[in-house]
Amino acid sequence: MRPALTLALSLALAAPLAAIASSAAIAAEPIAVGAKVPAGFTALDITGKPRDFASITGKKGVVLVFFRSAAWCPYCQKQLKDIRDLTPELAKRGYTLAAISYDSIDALTKFNAKVPVNYLFLSDVGSKQIDAFGLRDPAYPKDSFAYGVPTATVLVIGKNGVIKKKLSTTDYKIRPSNETILASVDAG
């Protein structure tokens, strides 16, 4: 092949490959134990109030539950009901409980009206925090109603913002039991 043609083909391929590489770099790696909460953490509670990391954290830390949807995911709805029992046990240990999804405030408020929760519900419309933690479920394309949901994950986070434990699964039907979550808090 002639050198000029080789160069032209190389340049023609370079731009699309660079674009693919740069878009892949935007997606954060899934957060790992030992990492810090991404800078600028903010989500809205069901009253519409912005909440930063410090405002959701107890004396020793927070258990942050990333769930798919309170509006349409029956596995999430069961988990959201079940984890209500954790609140007093976590409080004894100095932790708060918060649950976050891509759901709108309205969707979370409707669920809370049917199944009152005794912990902090957070709305991450646009999945900014889900993406910052690297937890977006890649199974859903942009045209899917589920685009932006996280993989089901429970993080035990210390007051200093360091991830102490991570309970995550790629099977959205499987969620850690309350006993497993408490054992993770106690082990941290």
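In case you missed it, the structure is sitting above this.
None of the values given here were measured: they were computed from a predicted structure. (Residues numbered from 1 in each chain as written. Predicted model: local features only at pLDDT ≥ 70, side-chain atom pairs only at ≥ 80, totals over all residues. Heavy atoms only, no water.)

A. The arrangement of the pattern of salt bridges in detail. Scanning the entire structure with this criterion turns up eight salt bridges. One salt bridge connects Asp137 with Arg68, and the closest N-O pair in it is separated by 3.8 Å. One end of the pair, Asp137, is in the loop between helix 6 (128-132) and strand 6 (153-158); the other, Arg68, is in the loop between strand 3 (61-66) and helix 3 (74-82), and 69 residues separate them in sequence. In this pair, the class of Asp137 matches that of Arg68, namely buried. Note that Lys78 and Asp82 form a salt bridge whose closest N and O atoms lie 2.7 Å from each other. Placement of the pair is Lys78 and Asp82 together in helix 3, with a separation of four residues, close to one helical turn. We classify Asp82 as partly exposed; its relative accessible area is 31%. Where salt bridges share partners, they join Glu89, Lys92, Arg93 and Asp186 into one cluster. (Salt bridge = Lys/Arg side-chain N within 4 Å of Asp/Glu carboxyl O. Helix = DSSP H or I, 4+ residues; strand = E, 2+ residues; numbered from the N terminus. Buried < 20%, exposed > 50% of the residue type's maximum accessible area, 1.4 Å probe, protein only.)

B. View of the pairing of strand 5 (residues 120-123). On strand 5, burial covers both faces: Leu120 and Leu122 on one face and Phe121 and Ser123 on the other are all buried. Sheet topology places strand 1 (residues 42-45) next to strand 5; two bridges connect them, and they run antiparallel. Paired with Leu44 across the bridge in strand 5 is Ser123. Sheet topology places strand 4 (residues 95-101) next to strand 5; four bridges connect them, and they run parallel. When the sheet's bridge partners are listed, Ser101 is paired in strand 5 with Ser123. With helix 5 (residues 105-114) bridging strand 4 and its parallel neighbour strand 5, the resulting β-α-β unit is right-handed. (Pairing = 2+ DSSP bridges. Right-handed = clockwise from strand over helix to strand, strands pointing away.)

C. Inspection of the sheet that holds strand 3 at higher detail. Read from one edge to the other, the open sheet built from seven strands follows the order 2-1-5-4-3-6-7, with strand pairing classed as mixed. The open sheet has two free edges, formed respectively by strand 2 (50-52) and strand 7 (163-168), since each of these has just one partner strand. Neighbour-to-neighbour, the strand axes of this sheet turn through a mean angle of 30 degrees, independent of strand direction. Strand direction decides the pairing type here: strand 6 and strand 7, joined by five bridges, are antiparallel. (Axes fitted to C-alpha atoms, helices over the stretch in contact; angles between N-to-C directions.)

D. Structural detail: the nonpolar core. Core analysis: the largest hydrophobic core is formed by 25 residues, its most contacted members being Val63, Leu80 and Phe121. Secondary-structure elements contributing two or more residues to this core are strand 3, helix 3, helix 4 (86-92), strand 4, helix 5, strand 6 and helix 7 (178-187). Ignoring anything within four residues of it in the chain, the contact list for Phe121 reads Leu44, Asp45, Ile46, Phe67, Leu80, Ala99, Leu108, Phe111 and Asn112. (Core = buried A, V, L, I, M, F, W, Y, C linked by side-chain atoms within 4.5 Å. Contact = heavy atoms within 4.5 Å.)

E. Broad picture of helix 7. What helix 7 keeps buried is the set Asn178, Ile181, Leu182, Ser184 and Val185. In an axial view of helix 7, the angular spread of the buried residues amounts to 155 degrees, which keeps them on one side of the axis. In helix 7, the exposed positions that point more than 90 degrees away from the buried face belong to Glu179 and Ala187. For helix 7, the secondary structure elements touched by its buried residues are strand 3, helix 3, helix 4, strand 4, strand 6 and strand 7. (Arc of directions from axis to C-beta.)

F. A look at the packing of aromatic side chains. Inspection of the entire model under this criterion finds seven aromatic pairs. With a centroid separation of 4.8 Å and 80 degrees between ring planes, the pair formed by Trp72 and Phe145 is classed as edge-to-face. Taken together, the residues Trp72 in the loop between strand 3 and helix 3 and Phe145 in the loop between helix 6 and strand 6 connect sequence positions 73 residues apart. In textbook terms, an aromatic cluster arises when at least three aromatic residues are bridged by ring pairs, as seen for Phe67, Phe111, Tyr119 and Phe121. (Phe/Tyr/Trp six-rings, centres within 6.5 Å; stacked < 30°, edge-to-face > 60°.)

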